[in-house]
Amino acid sequence: MVEFKALYFASARDAALGKQSEILQVAGNHPVTLAAAVECIKATYPKMEPVLTSAMVALNETYCDQDDMASTEVKDRDTVAIIPPVSGG
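What counts, and at which threshold
- Residue positions are given per chain, counted from 1 along the sequence in the order it is written.
- At least 70 in pLDDT is required for a residue's local features to be given in this predicted model, at least 80 for side-chain atom pairs to be given and counted, and no such filter applies to totals for whole chains, interfaces and linings, which use all residues.
- The basis for the side-chain values is all heavy atoms of the structure; hydrogens and waters are excluded.
- Salt bridges are defined as contacts in which a side-chain nitrogen from Lys or Arg sits within 4 Å of a carboxyl oxygen from Asp or Glu.
- A run of H or I in DSSP counts as a helix once it spans at least four residues, and a run of E counts as a strand once it spans at least two, with each numbered from the N terminus.
- Among buried residues, those of type Ala, Val, Leu, Ile, Met, Phe, Trp, Tyr and Cys that are joined through side-chain atoms within 4.5 Å constitute a nonpolar core.
- Relative accessible area decides the class of each residue, using a 1.4 Å probe on protein chains only: under 20% of the type maximum gives buried, over 50% gives exposed, and in between gives partly exposed.
- Residue contacts follow a heavy-atom distance rule, with two residues in contact if any of their heavy atoms lie within 4.5 Å.
- Note: two strands are recorded as paired if DSSP finds a minimum of 2 bridges between them.
- Charge assignment: positive for Lys and Arg, negative for Asp and Glu; neither His nor the chain ends contribute.
- Each polar contact in these results corresponds to two N or O atoms within 3.5 Å; when the atoms are within protein, one needs to be able to donate a hydrogen and the other to accept it, and residues that are neighboring in sequence are counted only if both atoms are side-chain atoms.
- Angles shown run from 0 to 180 degrees and are taken between the N-to-C directions of axes, each axis being a line fitted to C-alpha atoms and, for helices, limited to the stretch in contact.
- Picture the helix axis, draw a direction to every C-beta atom, and the arc is the one those directions span.

**Q** Before we go on, may I ask you to explain the pattern of salt bridges in this structure?
**A** Pairing of side chains with opposite charge becomes possible as their charged atoms draw close. Considering all chains together, one arrives at 2 salt bridges under this definition. Of the charged contacts, one joins Lys19 and Glu22 as a salt bridge, the two residues approaching to 3.3 Å between their closest N and O atoms. Ionic pairing is found between Lys42 and Glu39, a salt bridge with its closest N-O pair at 2.9 Å. Of the two residues, Lys42 and Glu39 both sit in helix α2 (residues 34-44), 3 residues apart, roughly one turn of that helix.

Listed below in structure tokens is the structure:
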């Protein structure tokens, strides 16, 4: 099992019922991938799915491409951030 900190920004925070951050767990065999961590977030908050279609995902303050999420390992106590696009002036 891997325990990670999830951070939610902008509309991702809304989808996470107003939470800014929380600790989540992914059960299973090692290694746990970033894709599995994102699936854990989607399972916890079904309203997160449309947010994730356009959001950037960062692991320990490093952005990850969608193509790399299946091969990027999440380790115990890592931080996964969901960062939707924002607009403003």
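**Q** In this structure, what is going on with the nonpolar core? I would like to understand it.
**A** As a rule of thumb, soluble globular proteins bury nonpolar side chains together. The biggest cluster of nonpolar side chains holds 27 residues, and the ones touching the most others in it are Phe4, Tyr8, Leu34, Ile41, Met48, Val80 and Ile82. Put simply, the parts of the chain that give this core at least two residues each are β1 (2-8), α1 (11-15), β2 (21-26), α2, α3 (48-52), β4 (56-59) and β7 (79-83). Sequence-distant contacts of Tyr8, defined by excluding residues within four places in its chain, comprise Arg13, Ala16, Lys19, Gln20, Ser21, Glu22, Leu24, Ile41, Tyr45, Met48 and Ile82.

**Q** I tried to follow the pairing of β1 on my own but got confused; where do I start?
**A** Working note: regular strand, side chains alternate between the two faces of the sheet. Burial of the side chains of β1 is restricted to one face: Val2, Phe4, Ala6 and Tyr8 are buried, whereas none of Glu3, Lys5 and Leu7 on the reverse face is. Across 6 bridges, the pairing between β1 and β2 is antiparallel. Bridging across to β2, Phe4 finds its partner in Leu24.

**Q** Explain the side chain of Asp78 to me, please; I cannot follow it from the model alone.
**A** Here Asp78 lies in the loop between β6 (73-74) and β7. Of the buried charged residues, Asp78 lacks a salt bridge, with Lys75 as the closest side chain of opposite charge at 6.6 Å. A polar side-chain atom of Asp78 sits 2.8 Å from the main-chain amide nitrogen of Lys75.

**Q** Explanation requested: the sheet that holds strand β5 (residues 62-64) in the structure shown.
**A** Each strand in a sheet pairs with its neighbour through backbone hydrogen bonds, running either in the same direction (parallel) or in the opposite one (antiparallel). Reading across from one edge, β2-β1-β7-β4-β5 is the order of the 5 strands in this open sheet, with mixed pairing throughout. The two strands at the open ends of the sheet, each matched to only one other strand, are β2 and β5. Each strand axis lies, on average, 35° off the axis of its neighbour in the sheet, ignoring direction. Across the sheet, α2 touches β1, β2, β4, β5 and β7, and the angle it forms with β2 is around 115°.

**Q** Please explain α2 as it appears in this structure.
**A** Turn by turn, an α-helix covers 3.6 residues, leaving residues three or four places apart pointing in a common direction. Among the residues of α2, those classed as buried are Leu34, Ala37, Val38, Cys40 and Ile41. The buried residues of α2 occupy one face: seen down the axis, they fall within an arc of 150°.

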